[in-house]
Amino acid sequence: LPCLMALIFLGMESVLLPVGRAISMRTYAFEALEKMPLDLTSMNPGAYGVIVLAPFLVIAIFSFLTQRNSSDFYHSLPQTRVCLYNSYIAAVLAWCMALQLGSTILCGLICGFFPAYFEISYSLILKESLVAAATLILSTGGAALAVTLTGTLLTNILATGIILFGPRLVMLIVKMVVGGS
């Protein structure tokens, strides 16, 4: 259900942002200015919003491990735990990458209807899509690691935050200490 709601939201966002930007540019007579290059961060922020959705999907898909009855059923299944773990992570990655790819393609198609206002750079879109996919894999992996290390919902969320943002926080502190002296 969260993925279907995200699909509807990203579809609306991928259509409405470019159409709104084109109407705004037409209304305020931006014909004298250059065409706007199409980049994902300004025209399709939902492609990066999926990165925030991925850890919550991982925590939700493994939420049965925090309940005794569900956990016992999981461990009694004849498949190996590694097989089940990999299939759950693959399902989250497949949904999130499909959402990213679908919203990017839809946004590109809608921007293609307004060639007077948008310049589509396929190399830039490809580069940003690969960066978004790599970041999605990182956030999913961090959440999956946190879920395997902890046992309750609160510690899952806290461990995910520490794993994902801890290294950046340490780098910021070291930079402030070294830069301050």
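Please read all numbers here as calculations on a predicted model, not as lab measurements.

Parameters at a glance
- Residues numbered from 1 in each chain as written.
- Predicted model: local features only at pLDDT ≥ 70, side-chain atom pairs only at ≥ 80, totals over all residues.
- Heavy atoms only, no water.
- Helix = DSSP H or I, 4+ residues; strand = E, 2+ residues; numbered from the N terminus.
- Areas by Shrake-Rupley, 256 points an atom, 1.4 Å probe, with all protein chains shown as cover.
- Buried < 20%, exposed > 50% of the residue type's maximum accessible area, 1.4 Å probe, protein only.
- Axes fitted to C-alpha atoms, helices over the stretch in contact; angles between N-to-C directions.
- Parallel < 35°, antiparallel > 145°, perpendicular 65-115°, else oblique.
- Left-handed = near helix turned anticlockwise from the far one by under 90°.
- Contact = heavy atoms within 4.5 Å.
- Nonpolar A, V, L, I, M, F, W, Y, C, P; charged D, E, K, R; others polar.
- Phe/Tyr/Trp six-rings, centres within 6.5 Å; stacked < 30°, edge-to-face > 60°.
- Core = buried A, V, L, I, M, F, W, Y, C linked by side-chain atoms within 4.5 Å.
- Patch = residues over 30% accessible without salt bridge, like charges linked within 9 Å, V, L, I, M, F, W, Y side chains within 5 Å.
- Salt bridge = Lys/Arg side-chain N within 4 Å of Asp/Glu carboxyl O.
- Expected span 1.5 Å × (residues − 1).
- Bend = angle between axes of the 7 residues up to and from the residue.

Undergrad: How should the overall build of the protein chain be read in this particular structure?
TA: Within the protein chain, the secondary structure is distributed over seven helices and two strands. Secondary structure elements in the protein chain, listed N-terminal to C-terminal, are α-β-α-α-α-α-β-α-α. Just so you have it, the protein chain exposes about 11,200 Å², and 74% of that area is on carbon and sulfur atoms.

Undergrad: Just checking my understanding: could you explain the environment of Tyr117 for this structure?
TA: Tracing the backbone through its elements, the reader meets Tyr117 in the loop between helix H5 (81-112) and strand S2 (118-119). What makes Tyr117 buried here is its relative accessible area of 14%. Sequence spacing of Tyr117 and Ala22 is 95 residues, and the spatial spacing of their C-alpha atoms is 6.4 Å.

Undergrad: Looking at this structure, how should I read the packing of helix H3 (residues 46-61) against helix H6 (residues 122-149)?
TA: The packing of two helices is summarised by the inter-axis angle and the distance between the axes. In the contact formed by H3 and H6, the axes pass within 8 Å of each other and the chain directions differ by 20 degrees. With respect to H6, the element H3 is oriented roughly parallel. Of the two possible hands of crossing, H3 and H6 adopt the one that is right-handed. Across from Ala47, Tyr48, Val50, Ile51, Ala54, Pro55, Val58 and Ile59 in H3, the residues of H6 making contact are Glu128, Ala132, Thr135, Leu136, Ser139, Thr140, Ala143, Ala144 and Val147. In the contact of H3 with H6, the residues fall into 13 nonpolar, three polar and one charged.

Undergrad: I would appreciate a short explanation of the packing of aromatic side chains in the present structure.
TA: What describes a pair of aromatic rings is the distance from one ring centre to the other and the angle between the planes of the rings. Considering all chains together, one arrives at four aromatic pairs under this definition. A ring pair is formed by Phe64 and Tyr88, whose centres lie 5.9 Å apart and whose planes are at 70 degrees; its orientation type is edge-to-face. Within this pair, whereas Phe64 is found in the loop between H3 and helix H4 (68-76), its partner Tyr88 is found in helix H5, the two being separated by 24 residues in sequence. Classification of Tyr88 as partly exposed rests on a relative accessible area of 24%. Ring pairing ties together the aromatic residues Phe62, Phe64, Tyr85 and Tyr88, which thus form one cluster.

Undergrad: How do you make sense of the packing of H3 against H5 when you look at a structure like this?
TA: Packing of H3 against H5 brings their axes to within 10 Å, and their N-to-C directions diverge by 160 degrees. When the axis of H3 is compared with that of H5, the two are roughly antiparallel. Judged by the twist between their axes, the crossing of H3 over H5 is right-handed. On the side of H3, the interface is formed by Ala47, Val50, Ile51, Leu53, Ala54, Leu57, Val58 and Ile61, while H5 contributes Tyr88, Ile89, Val92, Cys96, Leu99, Gln100, Ser103 and Thr104. Tallied by class, the residues present in the contact of H3 with H5 amount to 13 nonpolar, three polar and no charged.

Undergrad: Whenever I open this one, the nonpolar core confuses me. Can you help?
TA: If you look at soluble globular proteins, the nonpolar side chains tend to sit buried side by side. Among the nonpolar cores identified, the biggest contains 20 residues, and Val50, Val58, Phe62, Ile89, Cys96 and Leu136 are the most heavily contacted of them. The set of elements that each furnish at least two residues to this core consists of helix H1 (2-27), H3, H5 and H6. Considering every element that reaches this core, the biggest residue donor is H3, with six residues. When neighbours within four sequence positions are excluded, Phe62 is seen to be in contact with Tyr85, Tyr88, Ile89 and Val147.

Undergrad: Help me out: how do you make sense of a nonpolar patch on the surface in this one?
TA: Side chains of Leu169, Val170, Leu172, Ile173, Val174, Met176, Val177 and Val178 sit close together on the surface and give an oily, nonpolar patch of about 770 Å² of accessible area. With respect to the helices and strands, the residue Val174 is situated in helix H7 (residues 153-180).

Undergrad: Looking at this structure, I do not really get H3. What am I missing?
TA: Along an α-helix, residues three or four apart share an orientation, since each turn contains 3.6 residues. Look at H3: 21 Å from first C-alpha to last across 16 residues, which is about the 22 Å you get at 1.5 Å a residue. In H3, a bend of some 30 degrees at Leu53 exceeds every other bend along the element, and Pro55, a proline, comes one to four places later. Considered for burial, the residues of H3 that qualify are Gly46, Ala47, Val50, Ile51, Ala54, Pro55, Leu57, Val58 and Ile59.

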